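# Secondary and tertiary structure notes
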Amino acid sequence: MKAEELKTKLVEILSGAGLNYENFNVFPSAKKEFGDFSTNIFLKIKQTEKNISIKKLIILIQKNAWMKENFEKIEEKNGFLNFFLKDSIVYSVINEILSKKQDYGRSDSGNKKKVLIEFVSANPTGPLTIAHGRQAAFGEALSRILAFSGWQVTKEYYLNDCGRQMELLGISLKSHYLKIRGMPAEIPQDGYHGEYLKEIAKKLPDGYEKKESGFFEGLAKQEIMTMIKDDLREFGVVFDRWFSEAELRKSGRVEEVIRMLEEKGLIYEKDDAIWFKSTLYGDDKDRVIRKKDNSYTYLAPDIAYHQYKINRGYDLLINLWGPDHAGYVARIKAAVNALGFSPEKLQIIIVQLTTLYRGKEKISMSTRKGQFITLKQLMDEVGPDAAKFFFLFRKADSHLDFDIEIARKKTEENPVYYIQYAYVRAKHILEFAKEKGIDQKDIAGADFSLLREPIELDILKKLKKFPSIVQQAATTVEVSKIAPYILDLSGTFHSYYQKFRVVDENLKKSCARTALVQCLFIVMHTGLELLGISQPEKM
RNA sequence: GCGCUUGUAGCUCAACAGGAUAGAGCGUUAGCCUCCGGAGCUAAAGGCUGUGGGUUCGACUCCCACCAAGCGCGCCA
């Protein structure tokens, strides 16, 4: 049961009593002594309806058949109404999980609507950094969660493969190439000085000395793209589509969208440049889309890109951006709006930066000096799973402190190992039970009412919450709900394990407990899967 | 200077659309291995939610001011 279900029921009961009232909350109880669900319904009602008998309403609710069916006890305390679930209702989650298996928690709340998630989208001018890593982890997990919740998800990478930065990349590679062969060459001051480019230059065959920098640009793009794709694959992220800005420009869509805006009277000329009246749609100031020298600013193709994305039939666009693009949200939303689409169609999530630490020591990074930790380096050091877990544990818009030392540790300090240990431990118990002759039939047919320990009911209630945790993550587009949930579940399980034996001489009880462990195992499996974290066989 | 994000236990963070006595983990301290994996468990200590006002039955949450940190504020991407 979900809180909304209970609320709907309460609204129904109220209206049956002639009260049309919906302005109240139903939420999971903050404490055990407050039961399983609580509502502030009476605190709210009292504000507007002065002459209502609360006592009568309580009795009305208590007498309702559905309430009687689901709740052991419904009581009023400190103005709140607290609901205590019947154990039998709690046990029902076991059958539900055992029958749905890996689909437990799946829903169709997305109604098969199409969503396009665009993320990472790093310029192909260098290796992915940890900032991209966090976006990659977040985008991948969000995709999985939305797909699990009934959305049709497409993952797309927008490739800024033209413009000044790419030119510079070509020039830089050529200079590296010439220098390695002992020829005079200078890498431009604002060019790319990183080691990776030198490596690429070394691999190239002789005979390219006379080639234009544009030739090198193509080579560099090719090589770096391969590097990026390899890193992403190792990180467990595969995109459905790589969308090239160069091709977008070739297609004529940029001119087309500017013409559209012009027809709407949203374009004007000033100081030899062409401007978009974004202020009409809530931006701070108008933006240049074509410069004095007739070339486009980055905004022009971006508007075209967003228009094209929507025209491809997506109901929702989600962009993951770094905080350096935060100031850019207003203008692109203005553009989407100006093109006649609701700005709600575009949801932009700012994924905040990550600061790396090695214990107490902060690792300072500077892209300009070529001093940065790449995603590859991070994966090599702590492994993809630990990296993903830490990236996904915090809200996207919170700054993240990532301590490499902790992520490397194989002790209780490291939550990744704590969780994976719980998972492996559960798996091991299931294997042990199997060895002892407990099979799936015994598990499904077990007498669950033998699970009487408070901690057993506690685990079941937590398992029961899983679908709404997923749901919440999907509707709020906030991946960070999942990891703490799994961590909490792991903790409760470790504690249970310590205190009680699952498989022993008491066969009936062993079967019931094995069923419990199997359910927990399934939920943990799905949870880890949604985060893109691997489920180890052993440790 | 303006804008966005953030400020909660020693540290890293929770707290559902304003709800009950602000919760976890780590670290610290004191304990627990004949037993399905101790990479684990149990317990204790630890707080004027950055500061000062306001809104109300009720504020970590909303409003105003201030303080501190990070990031933006280009005819760069």
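Residues numbered from 1 in each chain as written. Chains lettered and ligands numbered in written order. Predicted model: local features only at pLDDT ≥ 70, side-chain atom pairs only at ≥ 80, totals over all residues. Heavy atoms only, no water.

Another aspect to go through is the sheet that holds strand 5 (residues 114-118). Spatial ordering of the open sheet is given by 7-6-5-11-12, a layout of 5 strands whose pairing is parallel. Of all the strands in the sheet, just strand 7 (241-244) and strand 12 (346-350) have a single pairing partner and so form its edges. Shown here is a sheet whose adjacent strand axes are inclined to one another by a mean of 25 degrees, direction ignored. Across 5 bridges, the pairing between strand 11 (residues 316-321) and strand 12 is parallel. Residue pairing in the sheet places Leu317 in a bridge with Leu346 of strand 12. Strands in contact with helix 6 (residues 130-148) are strand 5, strand 6 (152-159), strand 11 and strand 12; relative to strand 11, the strand with the most contacts, it is inclined by about 155 degrees. In the packing of helix 13 (residues 329-338) onto the sheet, the strands contacted are strand 11 and strand 12, and the crossing angle to strand 12 comes to about 170 degrees. (Pairing = 2+ DSSP bridges. Helix = DSSP H or I, 4+ residues; strand = E, 2+ residues; numbered from the N terminus. Axes fitted to C-alpha atoms, helices over the stretch in contact; angles between N-to-C directions. Contact = heavy atoms within 4.5 Å.)

This part is about the nonpolar core. Of all hydrophobic cores here, the largest spans 147 residues; its most connected members are Met67, Phe83, Ile318, Phe402 and Leu463. Here this core gets 14 residues from one element, more than from any other, and that element is helix 21 (residues 507-531). In terms of nonpolar packing, the next biggest core, distinct from the first, is built from 33 residues, Val254, Ile310, Ala335 and Leu346 among them. (Core = buried A, V, L, I, M, F, W, Y, C linked by side-chain atoms within 4.5 Å. Buried < 20%, exposed > 50% of the residue type's maximum accessible area, 1.4 Å probe, protein only.)

This part takes up the side chain of Thr492. The residue Thr492 is located in helix 20 (residues 482-499) in this model. For Thr492, a relative accessible area of 9% gives the class buried.

The geometry of helix 15 (residues 384-393) relative to helix 20 is characterised by a closest axis approach of 8 Å and an angle of 110 degrees between their N-to-C directions. For the element pair helix 15 / helix 20, the angle class is roughly perpendicular. Across the interface between the two elements, Phe389, Leu392 and Phe393 from helix 15 touch Ala483, Pro484 and Leu487 from helix 20. Here the contact of helix 15 with helix 20 is built from residues that sort into 6 nonpolar, no polar and no charged. (Parallel < 35°, antiparallel > 145°, perpendicular 65-115°, else oblique. Nonpolar A, V, L, I, M, F, W, Y, C, P; charged D, E, K, R; others polar.)

A ring pair, where both rings are aromatic, is described by two values, the distance of the centres and the angle of the planes. Under the counting rule described, the total for this entry stands at 26 aromatic pairs. Here Tyr268 and Trp275 contribute two aromatic rings whose centre-to-centre distance is 6.2 Å and whose plane-to-plane angle is 10 degrees, an arrangement assigned as stacked. Among the residues examined, Tyr268 registers a relative accessible area of 24% and is labelled partly exposed. Aromatic side chains Tyr496 and Phe500 sit 5.7 Å apart centroid to centroid with 40 degrees between the ring planes, which places their arrangement in the tilted category. Neither Tyr496 nor Phe500 differs from the other in exposure class; each is buried. A network of ring pairs unites the aromatic residues Phe389, Phe390, Phe391, Phe393 and Phe402 as a single cluster. Above the ring of Tyr308, the side-chain terminus of Arg253 is found at 3.8 Å from the ring centroid. (Phe/Tyr/Trp six-rings, centres within 6.5 Å; stacked < 30°, edge-to-face > 60°. Lys NZ or Arg CZ within 6 Å of the ring centre and 35° of its normal.)

Attention shifts here to the pattern of salt bridges. As enumerated under the stated definition, the model contains 29 salt bridges in all. When the shortest N-O distance is used, the salt bridge between Glu75 and Lys73 registers 3.9 Å. A relative accessible area of 38% means that Lys73 is categorised as partly exposed. In this structure, Glu118 and Lys309 form a salt bridge, with 2.9 Å as the shortest nitrogen-oxygen distance. (Salt bridge = Lys/Arg side-chain N within 4 Å of Asp/Glu carboxyl O.)

This part covers the protein's contact with RNA strand B. Taken together, 58 residues lie near RNA strand B, and Gln47, Phe80, Tyr298, Tyr421 and His428 sit nearest. For RNA strand B, the fraction of atoms within 4 Å of the protein that belong to sugar or phosphate moieties is 62%. Contact distances for RNA strand B include 3.3 Å between a sugar or linking oxygen and a backbone N or O atom of Pro323. Residue Lys481 places a side-chain N or O atom 3.4 Å away from a phosphate oxygen belonging to RNA strand B. Elements represented by at least two residues in the surface near RNA strand B include exactly strand 1 (26-28), helix 2 (41-48), strand 4 (80-85), helix 17 (415-435) and helix 20. (Near = heavy atom within 4 Å. Polar contact = N/O pair within 3.5 Å; in protein donor to acceptor, adjacent residues only side chain to side chain.)

Here chain A shows a mean pLDDT of 90. Residues at 70 or above account for 98%. Ranking the elements of chain A by mean pLDDT puts strand 14 (residues 361-362) last with 76 and strand 6 first with 96. (pLDDT = per-residue confidence, 0-100.)

What follows concerns the pairing of strand 5. Of all the 5 residues making up strand 5, 4 are buried; the element is thus mostly covered by neighbouring parts of the structure. Pairing between strand 5 and strand 6: 5 bridges, direction parallel. Counterpart to Lys114 in the pairing with strand 6 is Gln152. Crossover handedness for the path strand 5 to helix 6 to strand 6: right-handed. In this sheet, strand 11 lies alongside strand 5 in parallel orientation, the contact comprising 4 bridges. When the bridges of strand 11 are listed, Leu116 appears paired with Leu317. (Right-handed = clockwise from strand over helix to strand, strands pointing away.)

Burial of the side chains of strand 9 (residues 273-276) extends over both faces: Ala273 and Trp275 are buried on one face and Ile274 and Phe276 on the other. Relative to strand 9, strand 8 (residues 267-270) is paired through 4 bridges, and the arrangement is antiparallel. Counterpart to Tyr268 in the pairing with strand 9 is Trp275. Once strand 8 ends, the chain turns through 2 residues before running back antiparallel as strand 9, passing Asp271 with a positive phi of about 50 degrees. Of the strand pairs in this sheet, strand 9 and strand 10 (residues 287-290) are connected by 3 bridges, and their pairing is antiparallel. Bridge pairing in strand 10 places Trp275 opposite Val288.

Glancing now at unusual backbone geometry. A positive phi angle, close to 75 degrees, is found at Asn294, a residue other than glycine. Note that Asn294 resides in the loop between strand 10 and helix 12 (299-311). Note on Asn294: relative accessible area 52%, which makes it exposed. The backbone of Val477 sits at a positive phi, close to 55 degrees, despite the residue not being glycine. With respect to the helices, strands and loops of the structure, Val477 is situated in the loop between helix 19 (454-475) and helix 20. Judged by its relative accessible area of 8%, Val477 falls in the buried class.

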